Amino acid sequence: MEQNRLASFEEAVLPHLDAAYNLAHWLTRNDTDAEDVVQEAYLRAFKFFGGFHGSDGRSWLLAIVRNTSYTWMQQNRSPELSFAIDDELPEIESQDLNPEALLLKGADTQLVRQALEELPIEFREVLVLRELEEMSYREIASTTELPLGTVMSRLARARKRLQQVLISQAQAEV
Amino acid sequence: MNCQQAQELIQSYGDGELELAGSLEVERHMQECQICANAYSRHTTLTSALKNSSLYYTAPDKLEKRIRASLRKEAKSEQPRRAFVWRWATATVALALLLMLAFLVWRPGSFRSSGDELLAQEIVSNHVRSLLPGGSHLTDVLSSDQHTVKPWFDGKVDFAPPVRDFASQDFPLYGGRLEYLNNRTVATLIYKRRLHYINLYVWPTDQAGSSAETTVQRQGYNMIHWKSGGMNFWAISDLNAVELQEFARLVQQQQ
C-alpha cells in the first residue's frame with residue numbers, strides 16, 4: 001500500500017521538480033539552499049499527499065515549496081523577511097519611460113537577472129510564477145494563497161519597479 | 001473606454017487573462033491612444049526581456065536522485081507506523097462495537113414495567129393478526145385521504161386521533177380501524193412504506209406530559225412507543241428501525 005502511495009506521488013509531483021527548484025532558487029537566491037528547501041518540500045508534500053485531491057499538482061507543490069522557503073528563511077534570519085509587506089506602495093510614475101531604452105537593456109541577461117533578484121520578495125515571487133512559470137492569475141493566487149486582486153496589483157507594481165530599475169541602469173550608462 | 005480604464009486592463013490583456021470583448025475594446029483604444037499603446041509596449045518588452053534572459057533555474061540531476069532516495073526512506077519508516085495506527089484503529093472499532101452490543105442487550109432492561117411488556121406482546125399479536133390473510137382485517141376504513149379517515153373515528157371513539165397523510169415523505173396513509181387493546185378501544189392508523197405496513201395505535205393517556213420514545217424489538221418487529229399531546233402512541237412494523245424512527249419523527253412533528 002505504501003509502495004503504491006509512493007508511486008502515485010512520484011508520478012503526480014516529481015514532474016514539477018524544475019518548477020519547484022526554480023521557485024526555491026528565486027526565493028532563497030542560493031543553489032544549496034534551494035536544493036535543501038526542495039528536498040524538504042517534497043518530504044512535506046509526501047506527508048500531505050493524502051489531502052491532495054486536485055488535478056493541479058504544480059500549484060499544490062509550489063505552495064508547499066513557497067511555505068518551506070519562507071520557513072527556511074525565517075529560521076536562518078534572512079533579512080528578506082524583516083520588512084513588512086506593503087501592498088499600498090506609492091505608485092511610480094512611468095508614463096514617460098521610453099520602451100526603446102528597455103529593449104536596449106532587455107538583451108543584457110546579467111542585468112535583468114540582477115534586477116529581478118533585487119526586487120522585494122513579494123514582487124519577485126509573483127513575477128517568477130507569472131513570467132518564468134507562466135502560471136495564470138488563478139494558479140498564482142492558489143500557490144501564494146493571496147486574493148486574485150492582490151496578485152494582479154502586486155504583478156503590476158513588480159513590473160513597474162523592474163522597468164524603473166532597468167531604465168535607470170540604462171540611463172546611467174549613457 | 002477611457003485611458004484610465006485601459007491602463008487598468010493592459011496588464012491582463014498582455015497576460016492573456018482578458019476575455020474577448022475586453023480585449024477588443026483595449027485594442028480599439030490603443031489604436032487611438034499613443035500613451036496606452038506605449039504602456040502596452042513596455043509590458044511586452046519587459047515580458048520578452050524576462051523570457052529571453054534564460055532566468056529559469058533547472059534542477060540538477062543529483063537533486064532528483066536525492067529526493068527519490070529520501071522519499072523511499074520516508075515511505076519505509078512510515079509503513080510500520082501506519083500498521084501500528086491500523087492495529088489501534090481496529091481495536092478501537094472492536095471495542096466500540098462491543099459497547100454498542102452491550103447497550104442493545106441492556107436496553108430492553110430499561111423497558112422494565114411489566115405493564116408495558118404485556119402491552120408490547122399484545123401489540124405484536126394485534127399487528128400480526130391484522131396482516132393475516134383472510135379472516136382478520138387490516139382496515140375498517142380504506143382511504144389515503146386524511147379527511148375521510150379522521151371523521152370516520154367520530155362517534156366510534158371518545159377522542160380525536162391526529163390523522164395525517166405522509167405520502168410526500170413516502171409513508172402514505174392506507175386506512176384506519178378500531179382495535180381493543182390495553183382494556184380499551186384504540187384508534188389504529190395504517191401506513192405503508194413500500195411493501196411494509198405500519199400500524200400506529202393511538203389512545204388518550206391519563207398522565208399529562210410527554211415521554212421520550214422507547215424502541216423495542218419483539219419477534220423481529222420494531223416498535224416505537226411515546227407519549228405526547230395527551231396521547232399514547234405505539235408504532236409497529238417489520239420495517240427496519242431507522243425508517244420506523246423516521247416515521248415516528250414525522251408523526252411527532254405534525255402534533
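Reading the values: the criteria
- Residues numbered from 1 in each chain as written.
- Chains lettered and ligands numbered in written order.
- Predicted model: local features only at pLDDT ≥ 70, side-chain atom pairs only at ≥ 80, totals over all residues.
- Heavy atoms only, no water.
- Helix = DSSP H or I, 4+ residues; strand = E, 2+ residues; numbered from the N terminus.
- Buried < 20%, exposed > 50% of the residue type's maximum accessible area, 1.4 Å probe, protein only.
- Contact = heavy atoms within 4.5 Å.
- Areas by Shrake-Rupley, 256 points an atom, 1.4 Å probe, with all protein chains shown as cover.
- Axes fitted to C-alpha atoms, helices over the stretch in contact; angles between N-to-C directions.
- Parallel < 35°, antiparallel > 145°, perpendicular 65-115°, else oblique.
- Nonpolar A, V, L, I, M, F, W, Y, C, P; charged D, E, K, R; others polar.
- Expected span 1.5 Å × (residues − 1).
- Salt bridge = Lys/Arg side-chain N within 4 Å of Asp/Glu carboxyl O.
- Polar contact = N/O pair within 3.5 Å; in protein donor to acceptor, adjacent residues only side chain to side chain.
- Buried area = accessible area lost by both parts, 1.4 Å probe.
- pLDDT = per-residue confidence, 0-100.
- Core = buried A, V, L, I, M, F, W, Y, C linked by side-chain atoms within 4.5 Å.
- Domains from an automatic or database assignment.
- Phe/Tyr/Trp six-rings, centres within 6.5 Å; stacked < 30°, edge-to-face > 60°.

Asker: Looking at this model, I keep getting lost on the overall build of chain A. Mind explaining?
Answerer: Across its full length, chain A carries 9 helices and 0 strands. For chain A, the sequential pattern of α-helices and β-strands runs α-α-α-α-α-α-α-α-α. Looking at chain A as a whole, 54% of its 174 residues are labelled buried. Pairs at least 24 apart in sequence give 73% of the contacts found in chain A among residues at least 6 apart. As presented, chain A carries roughly 8100 Å² of accessible surface, and 50% of it is formed by carbon and sulfur atoms.

Asker: Quick question: what am I supposed to make of the packing of helix 7 (residues 121–132) of chain A against helix 3 (residues 34–52) of chain B here?
Answerer: Axis angle and axis distance: for two packed helices, these are the angle between their axes and the distance between the axes, and together they describe the pair. Two elements in contact, helix 7 of chain A and helix 3 of chain B, have axes separated by 10 Å at closest approach and are oriented at 80°. As far as their axial angle goes, helix 3 of chain B and helix 7 of chain A are roughly perpendicular. Between helix 7 of chain A and helix 3 of chain B, the contacting residues are Leu127, Glu131 and Leu132 of chain A on the first element and Thr47, Leu50 and Lys51 of chain B on the second. Broken down by class, the residue content of the contact of helix 7 of chain A with helix 3 of chain B amounts to 3 nonpolar, 1 polar and 2 charged.

Asker: Just checking my understanding: could you explain helix 3 of chain B for this structure?
Answerer: Residues and elements named next belong to chain B. With 19 residues, helix 3 extends 26 Å from end C-alpha to end C-alpha; this agrees with the ideal 27 Å at 1.5 Å per step. Turning to helix 3, its buried residues are Cys36, Ala37, Ala39, Arg42, His43, Thr45, Leu46, Thr47, Ala49 and Leu50. Ser54, located one to two residues past helix 3, shows a positive phi value of around 40°.

Asker: For this particular structure, what's the right way to read the pattern of salt bridges?
Answerer: Between side chains of opposite charge, a pair can form as their charged atoms come close. Tallying each qualifying case throughout the model produces 22 salt bridges over all chains. Of the charged contacts in the structure, one is a salt bridge between Arg66 of chain B and Asp36 of chain A, with a shortest N-O distance of 2.8 Å. Placement of Arg66 of chain B in helix 4 (residues 61–110) and of Asp36 of chain A in helix 3 (residues 31–48) is noted, with the two residues assigned to different chains. Classification of Arg66 of chain B by relative accessible area gives partly exposed; the value is 30%. Between Arg58 of chain A and Glu133 of chain A there is a salt bridge whose closest N-O contact spans 3.1 Å. One end of the pair, Arg58 of chain A, is in helix 4 (residues 57–75); the other, Glu133 of chain A, is in the loop between helix 7 and helix 8 (137–144), with 75 residues separating them in the sequence. Residue Arg58 of chain A shares its accessibility class with Glu133 of chain A, and that shared class is buried.

Asker: Just checking my understanding: could you explain helix 3 of chain A for this structure?
Answerer: What sets the pattern is the α-helix's 3.6 residues per turn: residues three or four places apart point alike. All names here are of chain A. Between its first and last C-alpha, helix 3 extends 26 Å over 18 residues, near the 26 Å set by a 1.5 Å rise per residue. Within the sequence span of helix 3, burial applies to Asp33, Ala34, Glu35, Val37, Val38, Gln39, Ala41, Tyr42, Leu43, Ala45 and Phe46. The N-capping residue of helix 3, defined by a side-chain oxygen 2.9 Å from the backbone nitrogen of Thr32, is Asn30.

Asker: What is the right way to look at the interface of chain B and chain A in this model?
Answerer: At the interface, 38 residues of chain B touch 49 residues of chain A. Summed over both partners, the interface of chain B with chain A comes to about 4400 Å²; 58% of that surface belongs to carbon and sulfur atoms. Contact with chain A buries surface across chain B, with Arg42, Tyr56 and Tyr57 of chain B losing the most and accounting together for 18% of the total. Taken together, chain B and chain A are joined by 9 salt bridges. Here Glu35 of chain A makes a salt bridge to Arg66 of chain B, at a shortest N to O gap of 3.2 Å. Summed over the shared surface of chain B and chain A, the result is 22 residue pairs in polar contact (both at pLDDT 80 or more). Within the residue set of the side of chain B that touches chain A, elements represented by two or more residues are helix 1 (3–14), helix 3 and helix 4 of chain B. Of the residues forming the side of chain B that touches chain A, the biggest block, 14 residues, is contributed by helix 4 of chain B.

Asker: So what exactly am I meant to see when it comes to the environment of Arg124 of chain A here?
Answerer: By the element assignment, Arg124 of chain A lies in helix 7. C-alpha of Arg124 of chain A to C-alpha of Trp26 of chain A: the two residues are 98 residues apart in sequence and 7.6 Å apart in space.

Asker: Where do I start with the environment of Glu118 of chain A in this structure?
Answerer: Residues and elements named next belong to chain A. Along the chain, the position of Glu118 falls in the loop between helix 6 (109–117) and helix 7. Accessibility expressed as a relative area gives 54% for Glu118, which makes it exposed. Once the C-alpha coordinates of Glu118 and Val165 are considered, the two residues, 47 residues apart in sequence, prove to be 9.6 Å apart.

Asker: How do you make sense of the confidence of the model for chain A when you look at a structure like this?
Answerer: Low-pLDDT portions of the prediction should not be read for the details of their coordinates. Across chain A, the average pLDDT comes to 83, with 79% of residues at or above 70. This model gives residues 88–92 of chain A a pLDDT under 50, and the stretch forms 8 contacts once residues within four places in sequence are excluded.

Asker: For this particular structure, what's the right way to read the nonpolar core?
Answerer: Generally speaking, a soluble globular protein has its nonpolar side chains buried in company with each other. Ranked by size, the top nonpolar core spans 59 residues in total, and within it Phe9, Val38 and Tyr42 of chain A carry the most contacts. Taken domain by domain, this core gets at least three of its residues from each of domain 1 (2–81) and domain 2 (99–173) of chain A. If we skip the residues at most four places from it in the chain, Phe9 of chain A touches Leu14, Tyr42, Ala45, Phe46, Phe49 and Trp60 of chain A together with Leu71 of chain B. Val149, Phe159, Val216 and Met231 of chain B belong to the second-largest nonpolar core, a separate cluster that totals 40 residues.

Asker: What is the right way to read the packing of aromatic side chains from this model?
Answerer: Scanning the model with the defined rule gives 15 aromatic pairs over all chains in all. Ring centres of Phe171 of chain B and Phe247 of chain B lie 5.3 Å apart, and the angle between their planes is 55°; this geometry places the pair in the tilted category. Residue Phe171 of chain B is located in the loop between helix 6 (146–152) and strand 2 (173–181), and its partner Phe247 of chain B is located in helix 7 (residues 241–253); the two are separated by 76 residues in the primary sequence. Taking 5.3 Å as the distance between ring centres and 65° as the angle between the ring planes, the aromatic pair formed by Tyr174 of chain B and Tyr197 of chain B counts as edge-to-face. With Tyr174 of chain B in strand 2 and Tyr197 of chain B in strand 4 (residues 196–204), this pair connects stretches of sequence that are 23 residues apart. By way of ring pairs, the aromatic residues Phe9, Tyr42, Phe46, Phe49, Phe52 and Trp60 of chain A are connected into one cluster.

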